[in-house]
Amino acid sequence: MSPFRLLPLLDDLNTPFWTGGAEGALRFWRCDDCGYWLHPPSPRCPRCLSKKLTVTDASGDAVVHTFTVNHQAWIPGLDPPYVVAIVELPEQPGLRLTTSLVGIDPDDVAIGLPVRAVFEQYDDVWLPFFTPRDDEAEGADER
Ligand SMILES: [Zn+2]
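What this report covers is the structure whose coordinates are included nearby.

Reading the values: the criteria
- Residues numbered from 1 in each chain as written.
- Predicted model: local features only at pLDDT ≥ 70, side-chain atom pairs only at ≥ 80, totals over all residues.
- Heavy atoms only, no water.
- Buried < 20%, exposed > 50% of the residue type's maximum accessible area, 1.4 Å probe, protein only.
- Helix = DSSP H or I, 4+ residues; strand = E, 2+ residues; numbered from the N terminus.
- Pairing = 2+ DSSP bridges.
- Salt bridge = Lys/Arg side-chain N within 4 Å of Asp/Glu carboxyl O.
- Donors = N, O, S within 2.8 Å, 3.2 Å for Na, K, Ca; no water.
- Tetrahedral: all angles 85-135°; square planar, octahedral: opposite > 155°, others 65-115°.

1. Here we look at the pairing of strand β1 (residues 27-31)
Taking burial as the measure, the 5 residues of β1 include 4 buried ones, the bulk of the element. Where β1 lies against strand β2 (residues 37-38), 2 bridges are found, and the strand directions are antiparallel. Pairing of W29 across the sheet is with L38, part of β2. In textbook terms, the turn of a hairpin is the stretch between consecutive antiparallel strands, and for β1 and β2 this stretch comprises 5 residues, one of which, G35, has a positive phi near 80 degrees.

2. Digging into the pattern of salt bridges
Tallied over the entire structure, the rule returns 5 salt bridges. Taking the shortest distance from any N to any O, the salt bridge between D33 and K52 comes out at 3.5 Å. Here D33, found in the loop between β1 and β2, pairs with K52, found in the loop between β2 and β3 (53-57); they are 19 residues apart in sequence, far enough to count as distant. The partly exposed category is assigned to D33, whose relative accessible area is 46%. Its salt-bridge partner being R133, residue D61 comes within 3.7 Å of it at the nearest N-O pair.

3. Describing the coordination of the zinc ion
Working reference: metal with six octahedral donors, ideal angles 90 or 180 degrees; metal with four tetrahedral donors, ideal angle 109.5 degrees. Donor atoms from the polypeptide that bind the zinc ion are C31 (SG), C34 (SG), C45 (SG) and C48 (SG), placed at 2.3 Å. Coordination geometry of the zinc ion: the 4 donor atoms subtend angles of 103 to 115 degrees at the metal centre, consistent with an arrangement described as tetrahedral. Donor residues for the zinc ion, ordered by position in the chain, follow C-x2-C-x10-C-x2-C. With C31 in strand β1 and C48 in the loop between β2 and β3, this pair connects stretches of sequence that are 17 residues apart. C31 sits in the buried class, given a relative accessible area of 4%.

Keep in mind these numbers describe shape, not what the thing actually does.
Okay, structure coming up:
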């Protein structure tokens, strides 16, 4: 098997997202004109087409939108089984990241679980993973 790179290649647009973890920040481009958070990054706001974008730190909070338990070693540093999840950020409906949950037993993961970003550095990128929020150990609100 030939080796291949699991990590993203950095360019001008995605560097803030993949290196914000160096400062503990979950970082996105945000539209100056309409406030839209861009993910994945784009040179124009997809909502209002403005090119006036500013790198902005998100809170780092999220909730588990959906998840699956993965039994194959796709992500460096994670031994299977681990949880691959889509988390949604409170900053904007539909602002979601595909990530992995760490510091939690796969059996304890639930949709709606409050989580926060933690970062692990590999080469020149800081991968954002998510771990349960300590302050909400009671679990997700039940709506
Ligand atoms: Zn906009």
